[in-house]
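# Close look at the chain arrangement
Chain by chain, the residues run as shown.
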Amino acid sequence: MTAESVEEPTDLPTPTPPAMPQRRIHPAWIVALVALIALIGAAGFRAAPGVLMLPLQDEFGWTTAELSLAVTVNLLLFGLTAPFAAALMQRFGIRAVTVTALFVIGAGAALSVFVATPAQLILTWGVLIGLGTGSMALVFAATITDTWFATRRGLVSGVLTAGSATGQLIFLPVIAAAAEDIGWRGASLIIAGGALAVVPLVWIFVRNRPSDLGVNRYGDSGPVTVTARPKGSAWGAARLAITTLRDAARTKTFWALAIGFAICGATTNGLIGTHFIPSAHDHGMPTTTAAGLLAVVGIFDIAGTVFSGWLTDRVNPRILLAAYYALRGVSLPSLLSAEVQPSIVVFIVIYGLDWVATVPPTIALCREVFGDRGPLVFGWVFASHQIGAGIASFLAGMVRDHTGQYTVAWFAAAGLCAVAALVSATIRRHPAAVTSP
């Protein structure tokens, strides 16, 4: 900012301008920390279905397929909302969209205590929670990373991704214990309170862009670039999301990323996240023990995803994706037994390190190929992730109802991982193909 020159009497001393305060911590790191907390808070209810399916079956007598349908709606909306949420964040700001999403999550969790029919469960678990968590999906992490960071993007996206997935898994033993002690309704209210508790932090500390605080993105140098918020309506944001999909869908890379990420969703949220605990229960394992094992997956996920982000800044992301999917496929047959034995321990370690390690290299490829529309394109790629998750969740429930076990689902998932590894390894290098309008 420049000051206008003013003539002053020569006999007066020239005033010394006040020294600007030096920032010890760049605001980008504070925004990233609050975003991490918000992602963990939003993850709470996504952990609930796997734990609460059994209590709901015991109380209402609903089938696994009926419960899986509500989870499927949740997973589909969780993904399909993401690209539109990314566009809304561009139009109306990160803070407003995030706060709204947290309120919707809290409302859905609180209203779920009144359900008495599968249709009502679909409305709360499926629609409200799906829309809210979809707006707080990994596309939120991609938007924070691209908006606030010019360097260390792989590391930051890895940390935020780990927070989203790990928060979901770490909540499992808490929800399981609460469901046993105070019932599934009390557990739902705890989750609602957790989501709402994050709202003040987001409102106080998160800003829409670095220029709002008079700084550049972390890693940028030179004069501060003031970025005005794009003008437009909600319909304009939706149109931007749709046109981005249209343009990206013309490239083979988009479809390669979408296919790989659909398989990623099928083998994590859709299959393991939803059906691991019921499968373990089929083998006589207590629900709290199974939930604890998934929480251990979450602990390993922190290390795996952060390390994946670090690697993404240094290694070809195509190679990373192929390796991650291959390792996941190798580990899945370990679930043919749900007893705590060496094979399950191997599965927990590998799946933990690999749970969402795919996200940082996928975000990096979206940025590399699609330029500054990378977060929006990633939103659509993430939508494919949740479509795969939703289909896998429902089909695995059908397999369980018709065969009495999940063996076919585990083998099918292992085969899909091999396909994802092959598709990812063949992604070509391209210049940015889609740019801002």
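Residues numbered from 1 in each chain as written. Predicted model: local features only at pLDDT ≥ 70, side-chain atom pairs only at ≥ 80, totals over all residues. Heavy atoms only, no water.

## Points about the overall build of the protein chain
Across its full length, the protein chain carries 16 helices and zero strands. Contacts in the protein chain between residues far apart in sequence, at least 24 positions, make up 84% of those at least 6 positions apart. When the accessible surface of the protein chain is totalled, it reaches about 18,400 Å², and 67% of it is carbon and sulfur. (Helix = DSSP H or I, 4+ residues; strand = E, 2+ residues; numbered from the N terminus. Contact = heavy atoms within 4.5 Å. Areas by Shrake-Rupley, 256 points an atom, 1.4 Å probe, with all protein chains shown as cover.)

## Concerning the nonpolar core
Counting residues in hydrophobic clusters, the biggest one holds 86 residues, and the most contacted among them are Ile272 and Phe378. Counting residues in hydrophobic clusters, the runner-up holds 31 residues, among them Val34, Ala38, Met136 and Ala195. (Core = buried A, V, L, I, M, F, W, Y, C linked by side-chain atoms within 4.5 Å. Buried < 20%, exposed > 50% of the residue type's maximum accessible area, 1.4 Å probe, protein only.)

## So, the state of the cysteines
All chains considered together, the criterion is met by zero disulfides. For the unlinked cysteine cysteine 417, the closest cysteine sulfur is that of cysteine 264, found at 8.4 Å. Assessed through its relative accessible area of 0%, cysteine 417 is described here as buried. (Disulfide = S-S within 2.5 Å.)

## Description of the side chain of threonine 312
Its place among the elements puts threonine 312 in helix 11 (residues 287–312). Accessibility expressed as a relative area gives 11% for threonine 312, which makes it buried. Looking at threonine 312, its side chain comes within polar contact range of the main-chain oxygen of serine 308, at 2.7 Å. Other than its neighbours up to four places away in sequence, threonine 312 contacts Leu320, Pro360, Pro361 and Ala364. (Polar contact = N/O pair within 3.5 Å; in protein donor to acceptor, adjacent residues only side chain to side chain.)

## Description of helix 15 (residues 374–403)
Taking 1.5 Å per residue as the helical rise, helix 15 with its 30 residues ought to reach 44 Å, and the 43 Å between its terminal C-alpha atoms agrees with that figure. Among the 30 residues in helix 15, 21 count as buried, and that is most of the element. A positive backbone phi angle near 80° is found at glycine 404, which sits one or two residues after helix 15. (Expected span 1.5 Å × (residues − 1).)

## Digging into the packing of helix 12 (residues 317–331) against helix 14 (residues 359–370)
The N-to-C vectors of helix 12 and helix 14 enclose an angle of 145°; their axes lie 9 Å apart at closest approach. The chirality of how helix 12 crosses helix 14 is left-handed. The residues of helix 14 that touch helix 12, namely those facing Pro317, Arg318, Leu320, Leu321 and Tyr324, are Pro361, Thr362, Leu365 and Glu368. (Axes fitted to C-alpha atoms, helices over the stretch in contact; angles between N-to-C directions. Left-handed = near helix turned anticlockwise from the far one by under 90°.)

## A word on the packing of aromatic side chains
This model, assessed by the stated rule, comprises 14 aromatic pairs. Arranged with centres 5.0 Å apart and planes meeting at 70°, the rings of tryptophan 29 and phenylalanine 149 form a pair that is edge-to-face. Linking tryptophan 29 in helix 1 (residues 27–46) with phenylalanine 149 in the loop between helix 6 (138–148) and helix 7 (153–197), this pair joins segments that are 120 residues apart in sequence. A residue is classified by how much of its surface remains accessible, and phenylalanine 149, at 0% relative accessible area, is buried. Taking 4.3 Å as the distance between ring centres and 10° as the angle between the ring planes, the aromatic pair formed by phenylalanine 60 and tryptophan 62 counts as stacked. Looking at phenylalanine 60, the relative accessible area reads 25%, which means it is partly exposed. Residue classification places tryptophan 62 among the buried residues on the basis of a relative accessible area of 10%. (Phe/Tyr/Trp six-rings, centres within 6.5 Å; stacked < 30°, edge-to-face > 60°.)

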